[in-house]
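Listed here are the chains, written in short residue letters.
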Amino acid sequence: MNLAELAPDYIRAIAPYQAGKPISELAREMGLDEAAIVKLASNENPLGLPPKARAALEAAVSELSRYPDGNGFELKAAIAAKFGMNQEQVLLGNGSNDILELVARTFLRPGDSVVFSEYAFAVYPLVTQATGARCIEVKARDYGHDLDAMLAAIEPSTRLVFVANPNNPTGTLIKPGALLEFLEAVPAQVLVVLDEAYTEYLALELRADIVGFLSRFPNLIVSRTFSKAYGLAGLRVGFALASSEIVAMVNRVRQPFNVNALAQAAATAALVDDDFLARAVAVNKEGMAQLTEAFVRLGLPYIPSFANFVTFHVADAAALNAYLLRHGVIVRSLAPYNMKNSLRVSIGLPQENARFIEVLESALL
Ligand code: PMP
């Protein structure tokens, strides 16, 4: 018997997520030295671990024979204090990916629909399809969210809207005013997940007043991550801010220990490592200038980005990607997004960016 047929149709229809290739895998495939490989494929923090998180991790190791605090008290208290909100409004996730999935599993059922943008983060259709709900993908405008079209796409069956701001993989931004108008227009019974995985890279005036938004819109869920600017991608920790009713409902579905003890300790420390965060943002800004200057010089169009990566266009992205891999440079193919003439490169350290530019230039000769 075909065991795959035991899964519902909507599960079998899912196209699996394609992650950035790990350095070790490319080293094995190409017979390359790991140290010679530059990975700019997963929007990770090139500075590595925040020093305060490292110290917290070392201190937490001796407690690892015990279960973590399933309620995440200290981390939630630190997050609540930072935003001036109650702990009951904070939800912890095993990465913000977990948050997206938990929200979908809590609120969606077969027959519901979910609205998101073309070119928006690939996990939105995955978590939607896994519940048997239907995806309504709205055509992008200039690679970004077309909020008017998204509003118009909301149907009576729509229970959830995903908005990525800035968006991955295009790096586009919705300004706070436009976001506010959108939230005002979304029907009150439709939940909005505002995914702010890259918000720390934004200038203050470009950031949405999420605390103000949350007080006005009980249907809003804001998700954040420690994987990007906070430098903790490997630990898997993210969080959401939302009304206490929403958080309580999602907590019924959440596995009791979804955020491990090391992740909780490191995230609590990273949240107050302001020096590290400032350095991460500065390195990103310089790296963005380094890469975009190179694209201009090489005549490669790119999508102006507000995050820690940039998507650029080439005649044959598959061939260029293969060339980069052969030369030990890992970037992200956007074929799964139907962007067949584009590649996404994460901002690295100056020398990593320089290596990428050098190999890119040699490919174009
Ligand atoms: N949202 C967006 C827009 C992302 O780009 C990512 C990471 N690629 C995530 C959420 C999930 O990241 P994590 O699970 O590491 O928090």
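Because the structure is predicted, anything quoted here is derived from the model rather than measured.

A. Representation of the sheet that holds strand β4 (residues 134-138). Reading across the sheet, the 7 strands line up as β2-β8-β7-β6-β5-β3-β4 and stay open at both edges, with mixed pairing between neighbours. In this open sheet, the two edge strands, each paired with only one partner strand, are β2 (90-93) and β4. Across the sheet, the mean angle separating the axes of adjacent strands is 20° when strand polarity is ignored. Two strands pair when backbone bridges link them, and strand β6 (residues 191-195) and strand β7 (residues 220-225) are joined in this way by 4 bridges, in the parallel orientation. Considered in β7, the bridge of Asp-195 is made with Ser-223.

B. Region of interest: the packing of helix α12 (residues 274-298) against helix α14 (residues 350-364). Closest axis-to-axis distance for the α12/α14 pair is 10 Å, and the angle between their directions is 15°. Overall, the two elements α12 and α14 adopt an arrangement that is roughly parallel. When you trace α12 past α14, the crossing you get is right-handed. The segment α12 lies against α14, with Gly-287, Gln-290, Leu-291, Ala-294, Phe-295, Arg-297 and Leu-298 engaging Pro-350, Asn-353, Ala-354, Phe-356, Ile-357, Leu-360, Glu-361 and Leu-364. Classifying every residue of the contact of α12 with α14 gives 10 nonpolar, 3 polar and 2 charged.

C. Just the site of the ligand, in detail. Residues in close proximity to the ligand include Gly-95, Ser-96, Asn-97, Phe-121, Asn-168, Asp-195, Ala-197, Tyr-198, Thr-225, Ser-227, Lys-228 and Arg-236, which together make up its full environment. In this structure, an oxygen atom belonging to the ligand sits 2.7 Å away from a side-chain N or O atom of Arg-236. For the ligand, whose unbound accessible area comes to 400 Å², protein coverage reaches 93%. Its residues placed into classes, the shell around the ligand shows 3 nonpolar, 6 polar and 3 charged.

D. Geometry of helix α3 (residues 51-60). Here α3 has its buried residues at Ala-53, Ala-56, Leu-57 and Ala-60. In a view along the axis of α3, the buried residues occupy a sector of 105°, so they form one face of it. Opposite the buried face of α3, at more than 90 degrees from it, the exposed residues are Glu-58 and Ala-59. Summarising the contacts, the buried residues of α3 are in contact with α11 (261-270).

E. Fine view of the domain arrangement of the protein. For the protein, the domain assignment lists domain 1 (3-48 + 274-364) and domain 2 (67-270). The gap between the C-alpha centroids of domain 1 and domain 2 is 24 Å. In this assembly, 29 residues from domain 1 lie in contact with 30 residues from domain 2. For the domain 1 and domain 2 pair, buried surface summed over both sides reaches about 2400 Å², with 66% attributable to carbon and sulfur atoms.

F. Spatial organisation of the sheet that holds strand β9 (residues 302-303). Taking strand neighbours across the sheet as the criterion, the 4 strands line up as β9-β10-β13-β12 in an open arrangement whose pairing is antiparallel. Every interior strand has two partners, whereas the edge strands, β9 and β12 (332-333), have only one. In this structure, strand β10 (residues 309-313) lies alongside strand β13 (residues 342-346), joined through 5 bridges in antiparallel fashion. Its bridge partner being in β13, Val-310 is matched across the sheet by Val-345. Together, β9, β10 and β13 form the strand contacts of α12, whose direction differs from that of β10 by roughly 5°. Where helix α13 (residues 317-326) meets the sheet, it contacts β10, β12 and β13, and its direction lies at approximately 35° from that of β13.

G. Up close: a nonpolar patch on the surface. Among the surface-exposed residues, Met-1, Leu-3 and Leu-6 lie close enough to one another that they form a single nonpolar patch of about 420 Å² accessible area. With a relative accessible area of 79%, Met-1 lands in the exposed category.

H. Structural view of the pattern of salt bridges. For the structure shown, the criterion picks out 16 salt bridges. One salt bridge in this structure joins Glu-63 and Arg-66, with 3.9 Å as the shortest N-O distance. Notably, a salt bridge pairs Asp-112 with Arg-109, separated by 3.5 Å at the nearest N-O pair. Given a relative accessible area of 45%, Arg-109 falls into the partly exposed group. Each of Lys-21, Glu-25 and Glu-29 takes part in salt bridges that share partners, so that together they form one network.

I. Quick peek at the packing of aromatic side chains. Taken as a whole, this structure holds 15 aromatic pairs when the rule is applied. Aromatic side chains Tyr-124 and Phe-162 sit 4.5 Å apart centroid to centroid with 5° between the ring planes, which places their arrangement in the stacked category. Of the two residues, Tyr-124 is situated in helix α6 (residues 123-129) and Phe-162 in strand β5 (residues 158-164); the sequence distance between them amounts to 38 residues. For Tyr-124, a relative accessible area of 0% puts it in the buried group. A relative accessible area of 0% means that Phe-162 is categorised as buried. Through a chain of ring-to-ring contacts, the aromatic side chains of Tyr-17, Phe-116, Phe-121, Tyr-124 and Phe-162 assemble into a single cluster. The residue whose ring lies beneath Arg-344 is Phe-309, and the NZ or CZ to ring-centre distance is 5.5 Å.

About the thresholds
- Within any chain, residue numbers begin from 1 and follow the written order of that chain's sequence.
- Two thresholds apply to this predicted model, a pLDDT of at least 70 for residue-level local features and 80 or more for giving and counting side-chain atom pairs, whereas whole-chain, interface and lining totals are computed over all residues.
- Heavy atoms from the whole structure form the basis of all side-chain values; hydrogens and water molecules are not counted.
- Whether two strands pair depends on DSSP finding at least two bridges between them.
- Secondary structure is summarised from DSSP: a helix means a run of H or I of at least four residues, a strand means a run of E of at least two, and numbering begins at the N terminus for each.
- A fitted line through C-alpha atoms serves as each axis, taken over the contacting stretch for helices, and the angle formed by two N-to-C directions is quoted from 0 to 180°.
- The labels follow the angle: roughly parallel below 35 degrees, roughly antiparallel above 145, roughly perpendicular from 65 to 115, and oblique for the rest.
- In this scheme the handedness of a crossing depends on how the near helix is turned from the far one: anticlockwise by less than a right angle means left-handed, clockwise means right-handed.
- Every residue pair with non-hydrogen atoms within 4.5 Å of one another is taken to be in contact.
- For this classification, the nonpolar set comprises Ala, Val, Leu, Ile, Met, Phe, Trp, Tyr, Cys and Pro, the charged set comprises Asp, Glu, Lys and Arg, and every other residue, Gly included, is treated as polar.
- Throughout, the term near means that a residue has one or more heavy atoms lying within 4 Å of the molecule or strand in question.
- Two N or O atoms form a polar contact when they lie within 3.5 Å of each other; inside protein one atom must be a possible hydrogen donor and the other a possible acceptor, and for residues adjacent in sequence the pair counts only when both atoms belong to side chains.
- For accessible areas, the Shrake-Rupley method is used with a probe of radius 1.4 Å. Any residue's cover is judged against the shown protein chains and nothing else.
- Partly exposed residues are those whose accessible area sits between 20% and 50% of the maximum for their type, while under 20% is buried and over 50% is exposed, using a 1.4 Å probe and protein chains only.
- The arc under discussion is defined with respect to the helix axis, by the directions toward the C-beta atoms.
- Here the limits of each domain have been adopted from an automatic or database domain assignment.
- The term buried area denotes the loss of accessible surface (1.4 Å probe radius) that occurs when two parts are joined, taken as the sum for both partners.
- Think of a patch as exposed residues, more than 30% relative accessible area, with no salt bridge, where like charges cluster within 9 Å and nonpolar side chains (Val, Leu, Ile, Met, Phe, Trp, Tyr) cluster within 5 Å.
- A side-chain nitrogen of Lys or Arg and a carboxyl oxygen of Asp or Glu constitute a salt bridge if their distance falls within 4 Å.
- Stacked, tilted and edge-to-face are the three classes applied to pairs of Phe, Tyr and Trp rings, where Trp contributes its six-membered ring and a pair requires centres within 6.5 Å; stacked means planes under 30 degrees apart, edge-to-face means over 60, and tilted covers the rest.
- By definition, being over a ring means that NZ of Lys or CZ of Arg is both within 6 Å of the ring centre and within 35 degrees of the ring normal.

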